[in-house]
Amino acid sequence: MPLYRLREAADLLGVSADTVRRWADGGRLQTVADDAGHRSIEGAVLAAFAQSQGAQPEPTRPALRPSSLRNRFPGIVTRVVRGDVAAQVEIQAGPHRFVSLLTREAVDDLGLEPGDRAVTSVKSTSVSVDLP
């Protein structure tokens, strides 16, 4: 089972390390000691927590230099549902929740399980924009 240090968990959840530290201190997020004695969070615990938080509006961030990597979202696998041929994988990447349908073979080859770190890459030929 992967372990995530508080800074890594913060990056995956899209919040500050101080926020994760407060959640851990307040008992909202269970921590364990890693081999070096640092507070860490087990992958399955972090995945369940990320899923319980759901997608939240993204905070306003300062503009960054344009990059083609803006369609890559590092996150944590929160759910894997395997069928006979296809599989559904859910990833929480900060305030974003992604659901991907893949072949079961691809999911098995990657060994995807809740708590694993993953990067969602999005490519679309059609993007719709709606007003609230």
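Our subject is the structure that appears above.
Fair warning: this is a prediction, and the values are worked out from it, not measured in the lab. Throughout this description, residue numbers start from 1 for each chain and increase along the sequence as written. Given that the model is predicted, a residue must reach a pLDDT of at least 70 before its local features are reported, and side-chain atom pairs must reach 80 or more before they are shown or counted; all residues, however, enter totals for whole chains, interfaces and linings. The side-chain quantities take in all heavy atoms of the structure and omit both hydrogens and water.

Novice: Any chance you could explain the packing of aromatic side chains here in plain terms?
Specialist: To describe a pair of aromatic rings, you give the distance between the ring centres and the angle between the ring planes. The criterion for an aromatic pair is that two Phe, Tyr or Trp rings (for Trp, the six-membered ring) have centres within 6.5 Å, with stacked assigned to planes under 30 degrees apart, edge-to-face to planes over 60 apart and tilted to the rest. Tallied over the entire structure, the rule returns two aromatic pairs. Ring centres 5.0 Å apart and planes at 55° place the aromatic pair Trp23 and Phe49 in the tilted group. In this pair, Trp23 sits in helix H2 (residues 17–25) while Phe49 sits in helix H3 (residues 43–53), placing the two residues 26 residues apart along the sequence. Pair check on accessibility: Trp23 and Phe49 agree, each one buried. Numbering of helices and strands starts at the N terminus; helices are DSSP runs of H or I of at least 4 residues and strands are runs of E of at least 2. A 1.4 Å probe rolled over the protein chains alone gives each residue an accessible area, and that area as a share of the maximum for its type sets the label: buried under 20%, exposed over 50%, partly exposed in between.

Novice: I tried to follow the packing of helix H1 (residues 6–13) against H2 on my own but got confused; where do I start?
Specialist: Describing two packed helices takes the angle between their axes plus the distance from one axis to the other. With their axes 8 Å apart at the nearest point, H1 and H2 run at an angle of 110° to one another. Of the possible angle classes, the one that applies to H1 and H2 is roughly perpendicular. Counted together, Leu6, Arg7, Ala9, Ala10 and Leu13 of H1 and Ala17, Val20, Arg21 and Trp23 of H2 form the full contact between these two elements. Taken together, the residues of the contact of H1 with H2 sort by class into seven nonpolar, no polar and two charged. In this analysis an axis means a line fitted to C-alpha atoms, helices contributing only their contacting stretch, and an angle means the value between N-to-C directions, from 0 to 180 degrees. An angle below 35 degrees is read as roughly parallel, one above 145 as roughly antiparallel, one from 65 to 115 as roughly perpendicular, and any other as oblique. Residues count as neighbours in contact if any of their non-hydrogen atoms are within 4.5 Å of one another. Each residue is assigned to one class: nonpolar for Ala, Val, Leu, Ile, Met, Phe, Trp, Tyr, Cys and Pro, charged for Asp, Glu, Lys and Arg, and polar for all the others, Gly among them.

Novice: What should I look at first to understand the pairing of strand E6 (residues 96–103) in this one?
Specialist: On any regular strand, side chains alternate: one points to one face of the sheet, the next to the other face. In this scheme, strands are said to pair when DSSP sees at least two bridges between them. In terms of strand pairing, strand E5 (residues 86–93) meets E6 through eight bridges, oriented antiparallel. Looking at the pairing, Ala93 lines up with His96 of E6. The antiparallel hairpin formed by E5 and E6 contains two residues in its connecting segment, where Gly94 sits at a positive phi of about 60°.

Novice: Looking at this structure, how should I read the pattern of salt bridges?
Specialist: When the charged atoms of two side chains with opposite charge come close together, those side chains can pair. Between Lys or Arg on one side and Asp or Glu on the other, a salt bridge is scored when a side-chain nitrogen of the former is within 4 Å of a carboxyl oxygen of the latter. Taken as a whole, this structure holds ten salt bridges when the rule is applied. With its nearest N and O atoms 3.2 Å apart, the salt bridge here joins Asp34 to Arg5. Here the residue Asp34 occupies a position in the loop between strand E2 (32–33) and strand E3 (39–42), and Arg5 occupies one in strand E1 (residues 3–5), the gap between them amounting to 29 residues. Looking at Arg5, the relative accessible area reads 38%, which means it is partly exposed. Here Asp18 and Arg21 are joined by a salt bridge, their closest N and O atoms 2.8 Å apart. Of this pair, Asp18 and Arg21 are both found in helix H2, three residues apart, which corresponds to roughly one turn of the helix.

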